[in-house]
Amino acid sequence: FVFFRIRFVFQSNSMGCCGSNGAEPPPSSINADTFSTCIITWNVNAKAPPEEEAIEELFHHDGISLDCYVVCLQEIVDLNAKNLIKSNETNIRLWDEKIAHLLNSSAVPYVKL
């Protein structure tokens, strides 16, 4: 999953990345010197997400508001023959909803890309 703060997401058209009015985003919209990213990897062993309190510290950094979160979850479904053919997407949905809820409790919401 990749989540960006809304201020960094622009609509795209056939000409490339543009602002919502069709113009190029202003240069100050994305500042590479201050752009902050958190990358989280976790082998969840086919488990549903735990209570929010158990993973909240992964997404809240002492009040620092990060611009982007990249969340890599390994073994989100049971690794068995049945799931190789047709995976059960319940855990995927549960993790997606839990992470989105944790991130969107801030003043400037995130959007999943």
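Residues numbered from 1 in each chain as written. Predicted model: local features only at pLDDT ≥ 70, side-chain atom pairs only at ≥ 80, totals over all residues. Heavy atoms only, no water.

Caption draft 1: Local environment of the overall build of the protein chain. Within the protein chain, the secondary structure is distributed over three helices and six strands. What you see in the protein chain, going N to C, is helices and strands ordered as β-β-β-β-α-β-α-α-β. In the protein chain, which comprises 113 residues, the proportion classed as buried is 27%. A separation of at least 24 residues holds for 75% of the contacts in the protein chain among residues at least 6 apart in sequence. When the accessible surface of the protein chain is split by element, carbon and sulfur atoms take 55% of a total near 7,600 Å². (Helix = DSSP H or I, 4+ residues; strand = E, 2+ residues; numbered from the N terminus. Buried < 20%, exposed > 50% of the residue type's maximum accessible area, 1.4 Å probe, protein only. Contact = heavy atoms within 4.5 Å. Areas by Shrake-Rupley, 256 points an atom, 1.4 Å probe, with all protein chains shown as cover.)

Caption draft 2: Geometry of the pairing of strand β5 (residues 68-74). Note: strand β1 (residues 2-5) against β5, three bridges, orientation antiparallel. The residue of β5 that forms the bridge with Phe4 is Cys68. (Pairing = 2+ DSSP bridges.)

Caption draft 3: Spotlight on the pairing of β1. Sheet topology places β1 next to strand β6 (residues 110-112); three bridges connect them, and they run antiparallel. In the sheet register, Arg5 faces β6, and the bridge partner there is Tyr110.

Caption draft 4: Fine view of a negative patch on the surface. A contiguous patch of negative charge, built from Glu51, Glu53, Glu56 and Glu57, is present on the exposed surface. Note on placement: Glu53 falls in helix α1 (residues 52-59). Judged by relative accessible area, which is 62%, Glu53 ranks as exposed. (Patch = residues over 30% accessible without salt bridge, like charges linked within 9 Å, V, L, I, M, F, W, Y side chains within 5 Å. Salt bridge = Lys/Arg side-chain N within 4 Å of Asp/Glu carboxyl O. Lys, Arg positive; Asp, Glu negative; His and termini not counted. Charge placed at Lys NZ, Arg CZ, Asp CG, Glu CD.)

Caption draft 5: Here's a closer look at helix α3 (residues 90-103). Compared with an ideal rise of 1.5 Å per residue, which puts 14 residues at 20 Å, α3 spans 20 Å between its outermost C-alpha atoms and is within 8% of the ideal. The inward-facing, buried residues of α3 contact β1, β4 (37-43), α1, β5 and β6. (Expected span 1.5 Å × (residues − 1).)

Caption draft 6: Broad picture of the environment of Leu113. For Leu113, the location among the structural elements is in the segment after β6. With relative accessibility at 57%, the residue Leu113 sits in the exposed group. Separated by 111 residues in the primary sequence, Leu113 and Val2 place their C-alpha atoms 5.5 Å from one another.

Caption draft 7: Here's a closer look at the pattern of salt bridges. Tallied over the entire structure, the rule returns two salt bridges. Notably, a salt bridge pairs Glu97 with Arg93, separated by 3.5 Å at the nearest N-O pair. Of this pair, Glu97 and Arg93 both sit in helix α3, four residues apart, which is roughly one turn of that helix. Between Lys112 and Asp96 there is a salt bridge, and its shortest N-O distance comes to 3.2 Å. With Lys112 in strand β6 and Asp96 in helix α3, this pair connects stretches of sequence that are 16 residues apart.

Caption draft 8: Expanded view of the nonpolar core. Core analysis: the biggest nonpolar cluster contains 17 residues, and Phe59, Tyr69, Leu73, Trp95, Ile99 and Leu103 have the highest contact counts within it. Among the elements of the structure, β4, α1, β5 and α3 are those that each provide at least two residues to this core. For this core, the element with the highest residue contribution is α3, accounting for four residues. Leaving out residues up to four positions away in the same chain, Phe59 has contacts with Ile40, Tyr69, Val71, Ile99, Leu102 and Leu103. (Core = buried A, V, L, I, M, F, W, Y, C linked by side-chain atoms within 4.5 Å.)

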